[in-house]
Structures are given as C-alpha cells and as structure tokens.
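Okay, here's what each chain looks like letter by letter:
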Amino acid sequence: MNSTDQNIIEIKRLKAQKNAIILAHYYQTGDVQNIADFVGDSLALSQKAASNSADIILFAGVKFMAETAKILSPLKKVLLPDLDAGCSLANSCNADDFKIFIKDHPGRTIISYVNTNAEIKALSDIICTSSNAVQIVESLPFDEKIIFAPDRNLGNYILNITGRDIIVWNGACHVHEEFSLEALLKLKKENPGAKIIVHPECELPVRMVADFIGSTSLLLKYTKEDNGNCYIVATEVGIIHQMKKENPGKTYLPVPPVDSTCGCSECSFMKLITIEKILNCLKTETPEIIIDNKTLIRAQKPILRMMEISEKLGL
Ligand code: 13P
Ligand code: SF4
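Now for a quick tour of the structure. These figures come from a predicted structure and were not determined experimentally. (Residues numbered from 1 in each chain as written. Chains lettered and ligands numbered in written order. Predicted model: local features only at pLDDT ≥ 70, side-chain atom pairs only at ≥ 80, totals over all residues. Heavy atoms only, no water.)

A word on the site of ligand 1
Working step 1: Every residue near ligand 1 is listed here: His25, Tyr27, Asp41, Ser42, Asn115, Ser130, His176, His199, Glu201, Ser215 and Thr216.
Working step 2: Glu201 places a side-chain nitrogen or oxygen 3.0 Å from an oxygen atom of ligand 1.
Working step 3: Contact with the protein chains removes 96% of the 310 Å² of surface that ligand 1 exposes when unbound.
Working step 4: A molecule is said to occupy a pocket when more than half its atoms come within 2 Å of that pocket's grid points, and by this definition ligand 1 occupies the largest cavity. (Near = heavy atom within 4 Å. Polar contact = N/O pair within 3.5 Å; in protein donor to acceptor, adjacent residues only side chain to side chain. Areas by Shrake-Rupley, 256 points an atom, 1.4 Å probe, with all protein chains shown as cover. 1 Å grid on protein atoms, 1.4 Å probe; cavity = no way out; pocket = protein on both sides within 12 Å on 5 of 7 lines; lining within 4 Å. Sits in = over half its atoms within 2 Å of the grid points.)

Spelled out as structure tokens, the structure:
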C-alpha cells in the first residue's frame, strides 16, 4: 500500500471518529473530489453546509466557500486545509471601497455573488451564485435598481439577459478572464462537431461563441443530457474530472489560457488543497474558519434570502 492510500484510509477513520464531512468543489483535483462526501458547485455546497448532521465540516475549496459554510452553520467547526486558498474575484472587492460604491449609488438593492468575503456579504441584501443569479434578479420587481458585485462578466451577462437596471462592480476572476479565444477557435476548427460550453465568469468574446453558458453544475448537466459527444470546456479544468466520471464515453477538451504551460486553466487557489493537507487538518482540527459575530449575523441574512428564493423556485 502506498502513502496516498494510507492517507486516504486515515482520513476516512478520522472522519468517522470525529463525525466530520468533507465538502468539495468541482475545481478540486480528482483525488480530492474522490474522497469527498459531497461534491458540488457553490450553490449545492451552500445548501449542503446548511443541512447536515456533522460536527465538523472540512471544506475542500476556497475561503469564501468555507466562510459561507460557517455563516450557515455557526455552531459547527468549519475547517479549511489551507487559509491561503483565497479567490482573485473575492479579493477584487474590498469592504472599504465597496461601502463608498454603495454610497455613490444610493437606493439600489445590493446583490453579491457568493464569491465574496464575509464583510461584503454583510453589506449585501441578497447573495447569488452562478446557478441562480438570473433567477434571483428576476425574482425582484422589474423597476428595482440593482448593484451587482463583484464579477463584471457575470454581472453584464445577467444585465443582458434580464434587461434590468444593474450597476456592476468592476471585478473579475483571473482564471475565467484568461481563456484564449484564439486557442478556443482552433479547438473548434480541429473538432467541428464539438459544442463550446462556457462559465458566465468568462469575457464577452468567449461567451459570444458559446453553445451553452452556465455554472459548473449546469455545464455538467448539459454534457449529461446533450446528445453530442465532444465538448470544448471554458471553465476551470477540475470540472472535467466529474464530467468524465458521469459520462466516460464523451470527449472533453479544456480551453487553455493565453499563456499556457499545461494546456488547461487551473485555479491556483483551489489547487492548494491536497490530500496531505486534508489529513493534517482533520488531525489537528486547524486551520479553522473564525468570523466575528457581528459580521456573521449580518452576512447570514442575505444568504438565507438566496436560499429561500432558490428553494421557492426549486433550484
Ligand atoms: P460555481 O458557482 O459554478 O460553482 O463557480 C464557482 C467559482 O468559483 C467559479 O469560478
Ligand atoms: Fe475564485 Fe476564479 Fe478560483 Fe473561482 S476560479 S475560486 S472565481 S479565482
């Protein structure tokens, strides 16, 4: 038995002993996804974090996701194996600047993407994920004026679909903004039958050539239900692990970034989580996510509002 197998056995033993669960995002490496109790997109992970009977949630994802779990389950211990697992998109919106932005655009409902730090959630009226953003916006009266933060690409995508009065914060994800349109079109030329599937955090030129745009879980569902057999995938490469697992007979071609060394796009923050770090984190029950009470209580309200709307709409 090699050391990875031993580590996995030890993780399973500690999980059972401590009544812990591992929640993993689709952008985790395949080995991490394989040991998780639940793998999902941001929305599904939030729903799972709010409804489980574990004492400890170990989050295999990035910090804003673990914070969301803590906000939804404040009495549970929430662990993140590496506190440096941040998010360039969440970091593109800091609370001081956002307060000024809100002051400069008074009277607007503040909808923030789940990819934000707890302080930004605490300043928001409703949270959304890429799975429910359009429906959350459409659940509001047509004339309601909105601020959307922090992703400019998702924000403009929602604005175009809904035709609502939305002012968009100028933030972005470094992974989704760096896909090479040229490389994507080359892949399409070499595979004319392939469908182009794109995450809404991608820039407009990439979204414009898409056959389908959706969150990670919607892209996964599309590849499952669609009758094609080859997909050009413009989102973080980790999702392809799940696509192959659920539909092994199909072909998935990752779109590389402009400066590609590995031929695919990886989120360096997501990839900080490893099997070794998960084992160590379960053993020591550190690092733990701690959020001050005031921020936690304020941030809970807009997340619960999202969950209520999602539940009502069956999302
Ligand atoms: P999902 O909402 O599709 O899970 O995406 C989360 C994310 O971090 C995208 O970059
Ligand atoms: Fe953040 Fe982008 Fe990584 Fe998603 S892919 S966690 S938005 S940096």
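Having seen the model, we can carry on.
A closer look at the packing of helix 12 (residues 216-225) against helix 13 (residues 239-246)
Working step 1: Relative to each other, helix 12 and helix 13 sit at 30 degrees, their axes nearing to 10 Å. Classified by the angle their axes make, helix 12 and helix 13 are roughly parallel. Judged by the sense of rotation from one axis to the other, the crossing of helix 12 with helix 13 is right-handed. Judged by residue contacts, Thr216, Leu219, Leu220, Thr223 and Lys224 of helix 12 engage Ile239, Gln242, Met243 and Glu246 from helix 13.
Working step 2: Of the residues in the contact of helix 12 with helix 13, the class split is four nonpolar, three polar and two charged. (Axes fitted to C-alpha atoms, helices over the stretch in contact; angles between N-to-C directions. Helix = DSSP H or I, 4+ residues; strand = E, 2+ residues; numbered from the N terminus. Parallel < 35°, antiparallel > 145°, perpendicular 65-115°, else oblique. Left-handed = near helix turned anticlockwise from the far one by under 90°. Contact = heavy atoms within 4.5 Å. Nonpolar A, V, L, I, M, F, W, Y, C, P; charged D, E, K, R; others polar.)

Describing unusual backbone geometry
Working step 1: Of the consecutive residues Ala149 and Pro150, the connecting peptide bond is found in the cis state with omega at -5 degrees.
Working step 2: Counting through the fold element by element, Pro150 comes out in the loop between strand 7 (146-149) and helix 9 (152-162).
Working step 3: Cis geometry is adopted by the peptide bond preceding Pro287, which originates at Thr286 and carries an omega value of -10 degrees.
Working step 4: Among the secondary structure elements, Pro287 is positioned in the loop between helix 14 (275-284) and helix 15 (293-312).
Working step 5: A positive phi angle, close to 50 degrees, is found at Asn19, a residue other than glycine.
Working step 6: Note on placement: Asn19 falls in the loop between helix 1 (3-18) and strand 1 (20-25).
Working step 7: Taking the relative accessible area as the measure of exposure, Asn19 reaches 33% and is therefore partly exposed. (Buried < 20%, exposed > 50% of the residue type's maximum accessible area, 1.4 Å probe, protein only.)

Points about the sheet that holds strand 11 (residues 230-234)
Working step 1: Pairing is parallel in the open sheet, where four strands are placed in the order 10-9-11-12. Strands at the two margins of the open sheet, each flanked by one partner only, are strand 10 (212-213) and strand 12 (251-254).
Working step 2: Bridge count between strand 9 (residues 195-198) and strand 11: four bridges; the pairing is parallel. Of the residues in strand 11, the one forming a bridge with Lys195 is Tyr231. (Pairing = 2+ DSSP bridges.)

Examining the packing of aromatic side chains
In this description, a pair of aromatic rings is defined by centroid distance and the angle of the planes.
Working step 1: Tallying each qualifying case throughout the model produces six aromatic pairs.
Working step 2: Between Tyr222 and Tyr231, the ring centres sit 6.3 Å apart and the planes meet at 80 degrees, which makes this aromatic pair edge-to-face.
Working step 3: Among the residues examined, Tyr222 registers a relative accessible area of 17% and is labelled buried.
Working step 4: With a centroid separation of 6.0 Å and 20 degrees between ring planes, the pair formed by Tyr231 and Tyr252 is classed as stacked. Of the two residues, Tyr231 sits in strand 11 while Tyr252 sits in strand 12, which places them 21 residues apart along the sequence. In this structure, Tyr231 and Tyr252 share a single accessibility class: buried.
Working step 5: Following the ring pairs from residue to residue traces out a cluster consisting of Phe212, Tyr222, Tyr231 and Tyr252. (Phe/Tyr/Trp six-rings, centres within 6.5 Å; stacked < 30°, edge-to-face > 60°.)

A closer look at the layout of surface pockets
Working step 1: Estimates place the volume of the largest pocket at around 270 Å³.
Working step 2: Looking at the largest pocket, it is lined by 15 residues, and the ones nearest its centre are Asp41, Ser131, Ser217, Leu218 and Lys221.
Working step 3: Broken down by secondary-structure element, the contributors of at least two residues to the lining of the largest pocket are helix 3 (42-50) and helix 12.
Working step 4: It is helix 12 that contributes the most residues to the lining of the largest pocket, six residues altogether. (Points joined across faces, edges and corners; volume = space filled by probe spheres on them.)

Some points on the pattern of salt bridges
Working step 1: On inspection of all chains with the given rule, the structure shows 13 salt bridges.
Working step 2: The partner of Lys277 in a salt bridge is Asp82, and the shortest N-O contact between them spans 2.7 Å. One end of the pair, Lys277, is in helix 14; the other, Asp82, is in the loop between strand 4 (77-79) and helix 5 (88-91), with 195 residues separating them in the sequence.
Working step 3: Look at Asp82 and you get buried, because its relative accessible area is 13%. (Salt bridge = Lys/Arg side-chain N within 4 Å of Asp/Glu carboxyl O.)

Some thoughts on the sheet that holds strand 6 (residues 126-128)
Working step 1: Spatial ordering of the open sheet is given by 6-5-7-8, a layout of four strands whose pairing is parallel. A strand with exactly one partner marks an edge of an open sheet, and here the two such strands are strand 6 and strand 8 (166-168). For this sheet, the mean angle separating the axes of adjacent strands, direction not counted, is 25 degrees.
Working step 2: Summarising the sheet, strand 5 (residues 109-113) and strand 7 pair through four bridges and their orientation is parallel.

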